[in-house]
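One-letter residues, chain by chain:
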Amino acid sequence: MLLSACTLLAIESSCDETSASVLKDGKILSNIVATQSIHEQYGGVVPELASREHQKNIVPVVDLALKTAQIELDNLDAIAFTRGPGLLGALLVGSSFAKSLAWAKKIPLIEVQHIQAHVLAHFIGEDKPTFPFLCLTVSGGHTQIVLVKDYLEMEILGETQDDAVGEAFDKTAKIMGLPYPGGALIDKYAKEGNPLAFPFPIVEMPHLDFSFSGIKTAFLNFLNNNQNKNQHFIQENIHDICASIQHTLIQILIKKLKKAIKQTQIKQVAIAGGVSANSGLRQVLKEEGEKNNWKVFIPDFEYCTDNAAMIAITAYFKYQKKMFVSQNVSPLPRMEWE
Ligand code: KG4
Ligand code: ZN
């Protein structure tokens, strides 16, 4: 594809991160992320509070993104925003802001599907995959194996039938009394634990689909049984418990990924989404890649969890095809990809 020059501002507000990014000719010039810590005390994202925080953050975040990039509003060729999936109220803040700015500046508006953007985050850096490749997309809301045929042509080969793997991390962390979101904390404690200390059952799912709700229940029962015998069980074994549950969740993911590679014969593998920040998953994927001769793509930490740079790079590919939307567009909390 011959790519034409453009300068874009992208906005991400689908969950609890308010983010803005400026892209010029395919290069990210800024990526500002304001994480909403207000949700920690509630043990999960409170949708109403998320919308209010986005409203507070959006102007300073956009302002800082433009200043960091040294780009004026008048230099922009288009505005991009996350249309979905996500929380309706949260999406409304970003989309309304983007629409108003595009209208005021009389420039095109580009909608972006959040999960597709997680996959395309791999085109931000220097080490880019070639098509086709497989992407294991693992976040707080999604767990999918995606066949990526082209920038905007993707097929879901398998996905979770219940909880997402990020949810499994966060819910098991919550059961242990850790603050939200607990995924990164499990990762931290797991580093000093024995992954084989406590075995957890793995539910077999057909095809390339996943299920994570059973493991949550098994984990709860396991902790209750042990706490009944020793009320300090969690404190005394936190490292081994975290290493064991993380190991089990990673095994579930890797097993399906291997199956997808065998089925498609595609040996380029990428990971994307918040859980791709997990050091255990990154390590296992690297090792499996070396052992099995796969080419593995692991995003920089900055582009794993929610960020507007991934929205900007996706919008860049859409800009090339003039895939613009009208001012009538409204957010889609359950948006599929086109
Ligand atoms: O992609 P993301 O920022 O938001 C969604 O689109 O959902 O993913 C957030 C998820 C949360 O479940 C969080 O606990 C998880 O990513 N996460 C991690 C780590 N860092 C973030 N899970 C395991 N290990 C980590 N280091
Ligand atoms: Zn995400």
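Small disclaimer: the values here were computed from a predicted structure and weren't measured.

> I'm lost on the overall build of the protein chain in this one. Help?
Regarding its fold elements, the protein chain presents nine helices and ten strands. A compact globule built from 338 residues should have a C-alpha radius of gyration of about 20 Å, and the protein chain, at 20 Å, falls within 12% of that. Seen through its principal axes, the protein chain has C-alpha atoms that stretch 65 × 45 × 30 Å. Surface exposure of the protein chain reaches about 15,100 Å², of which carbon and sulfur atoms provide 52%.

> Looking at this structure, how should I read the sheet that holds strand 7 (residues 143-150)?
Pairing between the strands of a sheet is mediated by backbone hydrogen bonds and can be parallel or antiparallel. Read across the open sheet, the five strands follow the order 8-7-6-9-10; overall the sheet is mixed. Two strands lie at the open edges of the sheet, namely strand 8 (153-159) and strand 10 (295-297), each paired on one side alone. Recorded for the sheet is a direction-independent mean angle of 25° between the axes of neighbouring strands. Note: strand 9 (residues 268-272) against strand 10, three bridges, orientation parallel. By the bridge assignment, V269 is partnered in strand 10 with V296.

> Got a minute to help me understand the coordination of the zinc ion (ligand 2) in this structure?
Note on metal geometry: ideal angles are 109.5 degrees for four donors arranged tetrahedrally and 90 or 180 degrees for six donors arranged octahedrally. Note on the zinc ion (ligand 2): its protein donors are H114 (NE2), H118 (NE2) and D306 (OD). The metal-donor distances range over 2.0 to 2.1 Å. Donor residues for the zinc ion (ligand 2) sit on one chain with the sequence pattern H-x3-H-x187-D. A residue pair is termed a helical-turn pair when its members lie 3 or 4 positions apart in one helix, as H114 and H118 do in helix 3 (residues 114-120) at four residues.

> Would you mind showing me how to read the site of ligand 1 here?
Around ligand 1 sit 19 residues in total, of which G140, D170, D187, G274 and N278 are the nearest. Interatomic distance of 3.3 Å between a side-chain N/O atom of H114 and an oxygen atom of ligand 1. In the model, a nitrogen atom of ligand 1 is placed 3.0 Å from a nitrogen or oxygen of the N278 side chain. If ligand 1 stood free it would expose 550 Å²; the protein chains cover 88% of that surface. At the level of secondary structure, the elements contributing two or more residues to the shell around ligand 1 comprise helix 3, helix 4 (165-175) and helix 5 (183-190). Residue composition of the shell around ligand 1, grouped by class: five nonpolar, eleven polar and three charged.

> So what exactly am I meant to see when it comes to helix 8 (residues 279-292) here?
An α-helix turns once every 3.6 residues. As a result, residues three or four positions apart point the same way. Between its first and last C-alpha atoms helix 8 spans 20 Å; for 14 residues at 1.5 Å apiece the expected length is 20 Å, and the two agree. Looking at helix 8, one finds that the buried residues are G280, L281, R282, V284, L285, E288 and G289. Its buried side turned inward, helix 8 meets strand 6 (133-138), helix 5, helix 7 (233-264), strand 9 and strand 10. Looking at where helix 8 begins, the residue whose side-chain oxygen comes 3.0 Å from the main-chain nitrogen of G280 is N278. After helix 8 finishes, the residue N293 shows a positive phi value of roughly 65°.

> Is there a simple way to explain the domain arrangement of the protein chain in this structure?
Interface size is often expressed as the accessible area that is lost when the parts come together. As assigned here, the protein chain comprises domain 1 (7-120 + 304-320) and domain 2 (129-299). The distance between the C-alpha centroids of domain 1 and domain 2 comes to 27 Å. Domain 1 puts 16 residues into the contact, and the matching count from domain 2 is 18 residues. When residues of domain 1 are sorted by the area they lose upon contact with domain 2, I115, V119 and C304 head the list and together hold 39% of the total. In this structure, the connection of domain 1 to domain 2 is made through zero salt bridges. Our count for the contact surface shared by domain 1 and domain 2 stands at one residue pair in polar contact (both at pLDDT 80 or more). Only helix 3 and helix 9 (309-320) provide two or more residues apiece to the side of domain 1 that touches domain 2. Considering every element that reaches the side of domain 1 that touches domain 2, the biggest residue donor is helix 3, with five residues. For the side of domain 1 that touches domain 2, a count of residues per class yields seven nonpolar, six polar and three charged.

Basis of the calculations
Residues numbered from 1 in each chain as written. Chains lettered and ligands numbered in written order. Predicted model: local features only at pLDDT ≥ 70, side-chain atom pairs only at ≥ 80, totals over all residues. Heavy atoms only, no water. Helix = DSSP H or I, 4+ residues; strand = E, 2+ residues; numbered from the N terminus. Rg over C-alpha atoms; globule rule 2.2 N^0.38 Å. Areas by Shrake-Rupley, 256 points an atom, 1.4 Å probe, with all protein chains shown as cover. Pairing = 2+ DSSP bridges. Axes fitted to C-alpha atoms, helices over the stretch in contact; angles between N-to-C directions. Donors = N, O, S within 2.8 Å, 3.2 Å for Na, K, Ca; no water. Near = heavy atom within 4 Å. Polar contact = N/O pair within 3.5 Å; in protein donor to acceptor, adjacent residues only side chain to side chain. Nonpolar A, V, L, I, M, F, W, Y, C, P; charged D, E, K, R; others polar. Expected span 1.5 Å × (residues − 1). Buried < 20%, exposed > 50% of the residue type's maximum accessible area, 1.4 Å probe, protein only. Contact = heavy atoms within 4.5 Å. Domains from an automatic or database assignment. Buried area = accessible area lost by both parts, 1.4 Å probe. Salt bridge = Lys/Arg side-chain N within 4 Å of Asp/Glu carboxyl O.

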